[in-house]
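# Secondary and tertiary structure notes
Listed here are the chains, written in short residue letters.
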There are 2 protein chains.
Amino acid sequence: MTAKQILLTADEMPRRWYNILADIKMNPPLGPDGPVPAEGWAPIFPMNLVEQEYSTERWIDIPEPVLDVLSIWRPAPLVRATALEKALDTPARIYFKNECVSPPGSHKPNTAVPQAYYNKIFGIEKLTTETGAGQWGSALSFACSQFGLECKIFMVRISFDQKPYRKSMMQTWGGKCVASPSTETKAGRDILEKDPDTPGSLGIAISEAIEAAVSDTSGKTRYALGSVLNHVMMHQTIIGLEAKKQLEKVNEYPDVIIGCAGGGSNFAGLAFPFVHDKINGRDIAIYPVEPTACPTMTRAPFVYDHGDTAKTTPLVPMHSLGHAFMPPPLHAGGLRYHGMAPTVSQLIDEGILEPKSVTQLAAYKAGVLLARSEGIIPAPETNHALACVVDEALKAKEEGKEKVILFNWSGHGLLDLAAYDKYFSGDLEDYSLDDKTLEESESVFADFPKPERLTCR
Amino acid sequence: MTAKQILLTADEMPRRWYNILADIKMNPPLGPDGPVPAEGWAPIFPMNLVEQEYSTERWIDIPEPVLDVLSIWRPAPLVRATALEKALDTPARIYFKNECVSPPGSHKPNTAVPQAYYNKIFGIEKLTTETGAGQWGSALSFACSQFGLECKIFMVRISFDQKPYRKSMMQTWGGKCVASPSTETKAGRDILEKDPDTPGSLGIAISEAIEAAVSDTSGKTRYALGSVLNHVMMHQTIIGLEAKKQLEKVNEYPDVIIGCAGGGSNFAGLAFPFVHDKINGRDIAIYPVEPTACPTMTRAPFVYDHGDTAKTTPLVPMHSLGHAFMPPPLHAGGLRYHGMAPTVSQLIDEGILEPKSVTQLAAYKAGVLLARSEGIIPAPETNHALACVVDEALKAKEEGKEKVILFNWSGHGLLDLAAYDKYFSGDLEDYSLDDKTLEESESVFADFPKPERLTCR
């Protein structure tokens, strides 16, 4: 029997996060008066997390109470995708990190747990957040239940309607979830007035969640973001750090690394510890994958733009389709975001990461192939990575190369089965985006400052 | 950091199943002409599985291709329920096997995989089955996709309606699922004629699935059962065998073992390897737990009865509410069965197992407590075990005893979230069963032979 799962013991679980800010240079976030100082974030985030956001230390210790909760499902398995290799008859050796094993079913609790913890020890009693497909909202709800915090979630309306059980899941952990735009915030009411039937977007939901946090005059509420920010990427690196140890156990090192990217966190979590090696000379192809319908990395420029639709956030340096961009109603709600993490964007700008895009139908086709070979039903977001994995495996076959492919199975699709129904009945559509729409949506950042070209090599 | 998960390596995964028939005596199944010989099952099951059904060998090797598929998620974690212990402030040390980590989300694939494998090597091309809550149908659909078999599932109508995504899940793996009673079989049509609005039952769905298998004149279709039978219980013993090894690693042995029991398979899987020790003198309390609304073990007698409503099966010795019993529309569809595995029934009759029953509301209360402490949202079936675990942990606290409690977390509830919604909104009800109804439903086996009193000690 070939060992299918490569496991680590509790003792082998990483005790520190890897911080890529030690290895790259970044354009700072900008407020009306220039670069935003750490204190500028105080109304939104607790200062212990803001310190992490600005830290350039390469390694940051994971607190013991965080390890205790992560160890409910971590170390997560590394799995050799033998059945997929066989199905594709490829000489490639394919491995994936199985992040579906967490209670909410995705990688998201890797950062939800430390965020809840740092807020708790800072004296915060309630967290607000947005969620797209619901993976992040579920994860934060779970994490808050572990540390005794209240949790309020603004869920993008289209996903709220498509995935009713996400709300039930958050409720089971004690969280409160409403559809966004909602009437509970000014940001939400403004949008609803203009467009009562809007499917919503992550940009809008972020505006609502931030407003709900900063408008609580008790000072005991803060906002939590599930992706994009530096500290979020860092919390996710436990994925790649585990994967490295696991691959070492079978004497492997990846030639190709693949992850889907909406805000960038599951991708960064797997890839960044290897990006460190690439910066230091190692030859690896690293592909973040997005939907062709929301082509932030592959068709949008590297600019300064707001992280949310209501322009609440500072300007951050990132690939952006424009903060008012309304993505088509893709089922991969986690990939419906107009921007991309500044760290991921910076690495794309330097040519260290090579983004790819795939269509919704190609993504589901790959998802069904993986469900029927490796057994796990993937989340719609993950399907985008899978389509790229299949392409790479077939390319290896064509070239007769024994490549080692590593990818992140970021979540399962057990709460997204309605989308599979639509796929099987032929009702799932592809969306294309014409140049004119893109040009218009990108006009919003025309007058903003431009990021400086920086390089780490 | 306390190690929360106690893991085994791939090398430590059990290579043999434990067969309790080596350690106990059983009344034989009866046909119209007396005890049913092995060949009597040939139209329904492949003979390699029938041989296992009749085998009294203590250990049976797990075939390599079965191990390969099981290793997608096995060895499964043993988890120390530290958060629950803290929440209850109990001196008990509580451990659970986490069977939620399989792709279909429950223990069911532990037997679905070997059943699909043995059918495949016997030359069978298609399997039919019934499913209650959908856990078993999903598992068989998954297993069939691994071995390239067709799969047809008759799903009890009330669950089919309550849990629409179960059908999507089966479809994603290539299975075909219809609501039962259906118009596709004579058994189904007969029931629908009498009661067009019936919620259905496992007994009816079994009748339909068997009919669909035996009526295929090509001889390439067989039936698969997800519980009750000896070989099914045996396939599940990998749970308890792993748990034993894992507890040894932390120098523990259970004082109390708890599992929910509908047909009996997840319970038996965990408990039987320890029952072996109990028969040999070890002092352990072993509790199978059922709903008060379907009290097969706690209120029904040990008799000979049919396994299905249409009386297709031979008479088997078991605790039975009567083969025509229509259980109330509990959400724990997997516990809505009129009978109980003959092996489990025999061990109850001998006093080795001590069955318990809990109400639906008590079960959900415990389920929410566990979701908010240990993090995983439990299946409605599992909730019944959890209510008993909480009782035992509180009893240990009252008595000031450091008991070791081991239970089986048989599945997650991510496809049962609608039931949690009902619980939170106060719409979930308890059902009681009056003596008169019980008496009437048990009248069906009044004229059948009675099982002999047998004992293994």
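## Concerning the domain arrangement of chain A
Residue and element names in this part refer to chain A.
- When the domains of chain A are assigned, the result is domain 1 (64-105 + 231-441) and domain 2 (109-225).
- Domain 1 and domain 2 are separated by 23 Å when their C-alpha centres are compared.
- Between domain 1 and domain 2, the residue contacts involve 39 residues of the former and 38 residues of the latter.
- A combined buried area of about 2900 Å² lies between domain 1 and domain 2, and 66% of that area is made up of carbon and sulfur atoms.
- On the domain 1 side of the interface with domain 2, the three residues burying the most area are P104, H235 and L415, jointly 21% of the side's total.
- At the junction of domain 1 and domain 2, the tally comes to one salt bridge.
- A salt bridge links D416 to K163; the nearest nitrogen and oxygen atoms lie 2.8 Å apart.
- The tally of links from domain 1 across to domain 2 stands at 11 residue pairs in polar contact (both at pLDDT 80 or more).
- Secondary-structure elements contributing two or more residues to the side of domain 1 that touches domain 2 are α2 (64-70), α10 (230-236) and α11 (238-249).

## Here we look at the nonpolar core
- Judged by nonpolar contacts, the single largest core of 98 residues is most densely connected at A:V113, A:L140, A:I377, B:V113, B:L140 and B:I377.
- Look past the residues within four positions of B:V113 in its chain and what remains in contact with it is B:V66, B:V69, B:L70, B:W73, B:F142, B:A143 and B:F147.
- Core analysis: the next-biggest nonpolar cluster, separate from the first, contains 35 residues, B:A243, B:A261, B:F274 and B:A341 among them.

## Comments concerning the relation of the copies chain B and chain A
- With an RMSD of 0.0 Å, the operation that places chain B on chain A is a rotation of 180 degrees combined with a shift of 0.0 Å along the axis. This pairing of chains is accounted for by a two-fold axis. Relative to the rotation axis, the C-alpha of B:V101 is the closest in chain B, positioned 3.1 Å from it.
- Here 100% of the contact residues of chain B are again contact residues in chain A; the copies associate through an equivalent surface.

## Concerning the sheet that holds strand β11 (residues 221-223) of chain B
All names here are of chain B.
- The strand order across the open sheet formed by four strands is β10-β9-β8-β11, and the pairing between neighbours is parallel. Two strands in the sheet have a free side with no partner beyond their single neighbour: β10 (176-180) and β11. Going from strand to strand, the sheet's axes swing by 20 degrees on average, the running direction of each strand aside.
- In the sheet, strand β9 (residues 150-156) pairs with β10 via five bridges, with the strands oriented parallel. Looking across to β10, one finds that M155 is bridged to A179.

Calculation notes
- Position numbers for residues count from 1 along each chain, tracking the sequence in the order it is written.
- The lettering of chains begins at A and the numbering of ligands begins at 1, in the order of writing.
- Since the coordinates come from a predicted model, pLDDT governs what is reported: local features require at least 70, and pairs of side-chain atoms require 80 or more to be given and counted, while whole-chain, interface and lining totals use all residues.
- To get the side-chain values, all heavy atoms of the structure are used, and hydrogens and water are removed first.
- Domain start and end points were adopted from an automatic or database domain assignment.
- For this analysis, residues touch if any pair of their heavy atoms sits within 4.5 Å.
- Summed over both partners, the accessible area (1.4 Å probe) lost when two parts come together is defined as the buried area.
- The term salt bridge refers to a side-chain nitrogen of Lys or Arg lying within 4 Å of a carboxyl oxygen of Asp or Glu.
- Throughout this description, a polar contact denotes any pair of N or O atoms lying within 3.5 Å of each other; where both atoms belong to protein, one of them has to be capable of donating a hydrogen while the other can accept it, and for residues adjacent in sequence the pair is counted only when both atoms sit in side chains.
- Each helix corresponds to a stretch of at least 4 residues labelled H or I by DSSP, and each strand to a stretch of at least 2 residues labelled E; elements are numbered beginning at the N terminus.
- To qualify as a nonpolar core, a set must consist of buried Ala, Val, Leu, Ile, Met, Phe, Trp, Tyr and Cys residues joined through side-chain atoms within 4.5 Å.
- Note on classification: 1.4 Å probe, protein chains only; a residue is buried when its accessible area is under 20% of the maximum for its type, exposed when over 50%, partly exposed between these limits.
- In this comparison the copies share one frame, found by least squares on the C-alpha atoms of residues holding pLDDT of at least 70 in both.
- Strands were regarded as paired on the criterion that DSSP finds at least two bridges between them.
- Axis angles are defined between N-to-C directions and span 0 to 180 degrees, where every axis is a line fitted to C-alpha atoms and, for a helix, only to the segment in contact.

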